[in-house]
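Notes for the structure review
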Amino acid sequence: MEALIPVINKLQDVFNTVGADAIQLPQIVVVGAQSSGKSSVLESLVGRSFLPRGTGIITRRPLVLQLVYTTRDDNQYRSAETGTLDLDEWAQFLHKKEIYTDFDRVRKEVDEETARIAGHNKGVSNDPIRLRIYSDKVVNLTVVDLPGLTKVPVGEQPEDIEMQIRDMVLSYIGNPNSIILAVSPANMDMAVSESLKLAKEVDPDGRRTLAVITKLDLMDAGTDAIDILCGRVIPVKLGIIGVVNRSQQDIIDNKSINDSLRDEAAFLQRKYPTLANRNGTPYLAKTLNRLLMHHIRDCLPELKTRVTMMMSQFQTLLNSYGDDVKDKAQTLLQIITKFNAAYCSTIEGTARNIETTELCGGARICYIFHETFGRTLDSIHPLAGLTQMDILTAIRNATGPRPALFVPEVSFELLVKRQIRRLEEPSLRCIELVHEEMQRIIQFCGTEVQQEMLRFPKLHEKIVDVVTQLLRRRLPPTNDMIENLVAVELAYINTKHPDFIRDASMVSNITNEDEKARNIPVRRAHEYDMRDQPKDLMVDGYMDPIVRQNMTRYQPDQQYGRMPPNDLMIVGNSKDAANSNWFSSLIAGPRPETNAPSKEISRESSPNTTPTHQVEQTIPTQPEGGILSPQKPVNLLPEVPIQQTRKLTERETKDCEVIERLIKSYFYIVRKSIQDMVPKAVMHFLVNYVKDNLQSELVKHLYRTDEIDSFLSESPEIALRRKEAAEMLKALQNANVIIGEIRETHMW
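In the annotation of an unreviewed UniProt entry, the entry for the protein reads dynamin GTPase, and the organism field reads Macrobrachium nipponense. Regarding the protein, the UniProt comment filed under Catalytic activity (unreviewed entry) reads as follows: "GTP + H2O = GDP + phosphate + H(+)". Turning to the protein, the UniProt record has this under Sequence similarities (unreviewed entry): "Belongs to the TRAFAC class dynamin-like GTPase superfamily. Dynamin/Fzo/YdjA family."

Rendered as structure tokens:
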């Protein structure tokens, strides 16, 4: 059983070396109020005076003290290199490799190390001092001495010093593998013991709490501690042990520990003869050793499980750091190939480690194409930014100085091109989003590759630079292709598109049905009765075409009392004419009737038509039953027309509705084409090109003999981590072997 504590000490050395706190080892934690005698108890256990002494707060940093029993014949801890072969006892700090045989120097080093971290004026720190003492006069123990519990800050102590020390104590005694040594002075009521109160908080059952009563010789005259030591006041499951420490005067007089132990034994025999064999420092040491060994025995199975799990973790960590590079050229090619495969697999969605928290790689590109870009295009209304006055203005501007007898096709092309251009900006933004995602893939293209990148930072920087430059070079041709797609649509408005012809025919049918509903007969010029024409203008019953054209142009329409429209205007009901000029057949609108004139009439419906630049000005209301007099003054100043809100005539409204329907129809056709072609172009010119040429670009820029050594220069931090991981793994393997040997010998 005695071999268990050295095993724990070795494990403690392992974890102290690497700074690992993941495994909580069994140890004894000394807890007590300030000046309750904690340090004196530890000195009595060691048999040497090696701790700072005085009044007030002396212990200001945790002291982890490991006592190791060793004899001269035991060479396990002795070596000629350290000069310990012939030593009876010595001390060694973890932060210094020096061997101490003078324990006064040990006390001085504890003082200096405390002041180095906690300052010189009563400050405290949670950073522990680790000290190991080898001797043939001690038992195997691991004890932690903590700062005493206090209430009022002194010196440079902060206002919350009480809470700081309390939290520090709880962090140590909260370890379920620790044994709590609660120290209380005998001259103070145990009912107000702070150490027992804290111990009860973390160990309510008392299964790992041992009480120590100090200063038995300082109790008031006529009183004794028999009831306390017998557990009649406050019972403690592991027991209550009383000890007698050296007084401050004894320390000043340099009274030895051995003399103090003899005086303690004599006091117990005289004062408590029936309890003398179950109290005192020697009995406390044996009890602590026995409790710690049994506690270690109970903790070893769980400890072995923890060690095995940590071995697996450190083995994985060591593998991630990789082995030492022997063939640098081969290693470089392997890293390039691995990075290319990881990058492409991230785009294709075949990576081994698939991200589950967010979209990345090819999935995000797909989302950009069909969600972000698609929804953006769907949100663009075909008539966004166009008002009926804008459309009417475009129609009139397209007719020039002539009155508009039909809706010109140029106005439709002008307006639909304006709307098509709005598709270019979201298409270019789609390229930017895909480019950003492909740039982001560099940082999320596989755990294995990322470890290599961390290992070789210069190579990582160069790979990022090569991929970034490749992506940047592909942006201009991709942007040009998208711009060309829009330019192609703008270059030729295909009014013969199958989908557009169907919609245009529907508009034509609606227009014709509206005319029929109004009972407006439509006649061609040659259908007018020529029998009333002068006979001298006819030759053999036929009239010269030019003469006929001039006469029909000015022939009054008997039904409407106005000039009949020319042949281009009245071909709406002729199938042959519709085939020759589809657009004129769509916009043949009803004629306004003179017997119900509009209160607001357009200038183009008046025989006295004004120039185009005056079309937007408001015309005074004409008198009842007549047309506006041509002698009425009209403003002809060549000023820029200001668009004013007014009520459109029936003819103007009909023209605007026709243009709007045609713009919608053609815009939907172009938008559908752009929505389909842009993702294809981006995939071809950017995504697929980078996938196909990435490895060749990396080899071209990285595989250079004169730079291979520079690229594969390992990061000092990674080299240090690999060394620490290797040492930790080796120590864990040794600890696992030791625990296995103990199990085989049935020591637990």
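Looking at the overall build of the protein
When helices and strands are tallied, the protein shows 23 helices and 11 strands. By the burial criterion, 45% of the 748 residues in the protein qualify as buried. Pairs at least 24 residues apart make up 78% of the contacts formed inside the protein by residues separated by at least 6 positions. Carbon and sulfur atoms make up 52% of the accessible area of the protein, which amounts to about 39,400 Å² in all.

Some words on the nonpolar core
Generally speaking, a soluble globular protein has its nonpolar side chains buried in company with each other. Phe 339, Tyr 343 and Met 438 are the most contacted members of the largest nonpolar core, which totals 73 residues. The leading source of residues in this core is helix α21 (residues 650-702), at 19 residues. Setting aside chain neighbours within four positions, we find Met 438 in contact with Tyr 343, Ile 347, Ile 365, Leu 471, Leu 686, Val 687 and Val 690. Within the second largest apolar cluster, 51 residues are counted, among which are Ile 28, Ile 129, Leu 141 and Met 310.

Looking at the pairing of strand β2 (residues 63-69)
For β2, a buried count of six out of seven residues is recorded, marking the element as mostly surrounded by other parts of the structure. Relative to strand β5 (residues 129-135), β2 runs parallel, the two being bridged by seven bridges. In the sheet register, Leu 67 faces β5, and the bridge partner there is Ile 133. With five bridges joining them, β2 and strand β6 (residues 141-145) adopt antiparallel strand pairing. The residue of β6 that forms the bridge with Leu 67 is Leu 141.

Quick look at the pattern of salt bridges
A full pass over the atoms with the stated rule returns 26 salt bridges. One salt bridge in this structure joins Lys 151 and Glu 162, with 3.2 Å as the shortest N-O distance. Of the two residues, Lys 151 is situated in the loop between β6 and α4 (161-173) and Glu 162 in helix α4; the sequence distance between them amounts to 11 residues. According to the relative accessible area criterion, Glu 162 is partly exposed, its value standing at 32%. For the salt bridge of Arg 262 with Asp 259, the shortest nitrogen-to-oxygen distance reads 1.9 Å. Of the two residues, Arg 262 and Asp 259 both sit in helix α8 (residues 257-271), three residues apart, roughly one turn of that helix. Classification of Asp 259 as partly exposed rests on a relative accessible area of 30%. The structure contains a network of salt bridges with shared partners spanning Arg 61, Glu 113, Arg 116 and Asp 127.

What to know about the sheet that holds strand β9 (residues 240-242)
One open sheet accounts for nine strands, arranged β4-β3-β5-β2-β6-β1-β7-β8-β9; its pairing is mixed. Each edge of the sheet is formed by a strand with only one pairing partner; in this case those strands are β4 (99-100) and β9. Strand contacts of helix α9 (residues 281-321): β1 (27-32), β6, β7 (178-185), β8 (209-214) and β9, with the helix running at about 155° to β7, the strand carrying the most contacts.

Considerations on the packing of aromatic side chains
One pair of aromatic rings is described through two measures. These are the centre distance and the angle between the planes. For the coordinates displayed, the defined rule picks out seven aromatic pairs. Both rings, one in Phe 412 and one in Phe 500, keep their centres 5.7 Å apart while their planes meet at 20°; by these two values the pair is stacked. Residue Phe 412 is found in helix α13 (residues 409-420), and its partner Phe 500 is found in helix α17 (residues 498-517); the two are separated by 88 residues along the sequence. For the residue pair Phe 412 and Phe 500, the accessibility class agrees, reading buried in each case.

A look at the side chain of Lys 691
Structurally, Lys 691 is set in helix α21. Lys 691 sits in the buried class, given a relative accessible area of 17%. Sequence-distant contacts of Lys 691, that is, excluding residues within four places in its chain, are made with Asn 340, Cys 344, Ile 347 and Glu 348.

Some details on the environment of Pro 382
Mapping Pro 382 onto the fold places it in the loop between α11 (362-378) and α12 (388-399). Taking the C-alpha atoms as reference, Pro 382 lies 8.7 Å from Ser 665; in sequence the two are 283 residues apart. Not counting the four nearest positions on each side in its chain, Pro 382 is found in contact with Gln 419, Ile 663, Lys 664, Phe 667 and Tyr 668.

A short note on the packing of α12 against α13
In the contact formed by α12 and α13, the axes pass within 8 Å of each other and the chain directions differ by 130°. The angle between α12 and α13 falls in the class oblique. For the pair α12 and α13, the sense of crossing is right-handed. Listed contacts from α13 to Ile 391, Ala 394, Ile 395 and Ala 398 of α12 are Val 410, Ser 411, Leu 414 and Leu 415. Across the contact of α12 with α13, the residue classes break down as seven nonpolar, one polar and no charged.

Observations regarding helix α10 (residues 328-348)
If you check α10, its first and last C-alpha atoms are 30 Å apart, about what 21 residues at 1.5 Å a residue would give, namely 30 Å. Looking only at α10, the buried set comprises Thr 331, Leu 332, Ile 335, Ile 336, Phe 339, Asn 340, Ala 342, Tyr 343, Cys 344, Ser 345, Thr 346 and Ile 347. One or two steps after α10, the chain reaches Gly 349, where phi turns positive at roughly 85°.

Quick look at α13
The terminal C-alpha atoms of α13 lie 17 Å apart, and with 12 residues this matches the ideal 16 Å at 1.5 Å per residue to within 8%. Burial in α13 covers these residues: Ser 411, Phe 412, Leu 415, Val 416, Gln 419 and Ile 420. Seen end-on, α13 carries its buried residues on one side only, within an arc spanning 165°. In α13, those exposed residues whose orientation departs by more than 90 degrees from the buried face are Val 410 and Leu 414.

Focus on the environment of Asp 263
Among the secondary structure elements, Asp 263 is positioned in helix α8. The exposure class of Asp 263 is partly exposed, given its relative accessible area of 39%. As for Asp 263 and Val 244, which are separated by 19 residues in sequence, their C-alpha atoms are 8.5 Å apart. Looking at Asp 263, its side chain comes within polar contact range of the side chain of Lys 255, at 2.3 Å.

Brief notes about the packing of helix α14 (residues 424-440) against α21
A pair of packed helices can be characterised by two numbers: the angle between their axes and the separation between those axes. One can describe the packing of α14 onto α21 by two numbers: an axis separation of 11 Å at closest approach and a directional angle of 30°. Crossing of α14 over α21 shows right-handed handedness. Residues Ser 427, Cys 430, Ile 431, Val 434, His 435 and Met 438 of α14 touch α21, and the partners they reach there are Ile 674, Val 678, Val 682, Leu 686, Val 687 and Val 690. For the contact of α14 with α21, a count of residues per class yields 10 nonpolar, two polar and no charged.

Details of unusual backbone geometry
Negative phi is the rule for most residues except glycine; trans is the rule for most peptide bonds. The phi angle at Lys 215 is positive, at roughly 60°, despite the residue not being glycine. The backbone of Asn 254 sits at a positive phi, close to 60°, despite the residue not being glycine. Along the chain, Asn 254 turns up in the loop between α7 (248-252) and α8.

Considerations on the environment of Phe 369
Here Phe 369 lies in helix α11. Between the C-alpha atom of Phe 369 and that of Lys 680, which follows or precedes it by 311 residues, the distance is 9.6 Å.

About the cut-offs
- Residues numbered from 1 in each chain as written.
- Predicted model: local features only at pLDDT ≥ 70, side-chain atom pairs only at ≥ 80, totals over all residues.
- Heavy atoms only, no water.
- UniProt positions renumbered as here; feature names shortened; annotations may be inferred.
- Helix = DSSP H or I, 4+ residues; strand = E, 2+ residues; numbered from the N terminus.
- Buried < 20%, exposed > 50% of the residue type's maximum accessible area, 1.4 Å probe, protein only.
- Contact = heavy atoms within 4.5 Å.
- Areas by Shrake-Rupley, 256 points an atom, 1.4 Å probe, with all protein chains shown as cover.
- Core = buried A, V, L, I, M, F, W, Y, C linked by side-chain atoms within 4.5 Å.
- Pairing = 2+ DSSP bridges.
- Salt bridge = Lys/Arg side-chain N within 4 Å of Asp/Glu carboxyl O.
- Axes fitted to C-alpha atoms, helices over the stretch in contact; angles between N-to-C directions.
- Phe/Tyr/Trp six-rings, centres within 6.5 Å; stacked < 30°, edge-to-face > 60°.
- Parallel < 35°, antiparallel > 145°, perpendicular 65-115°, else oblique.
- Left-handed = near helix turned anticlockwise from the far one by under 90°.
- Nonpolar A, V, L, I, M, F, W, Y, C, P; charged D, E, K, R; others polar.
- Expected span 1.5 Å × (residues − 1).
- Arc of directions from axis to C-beta.
- Polar contact = N/O pair within 3.5 Å; in protein donor to acceptor, adjacent residues only side chain to side chain.

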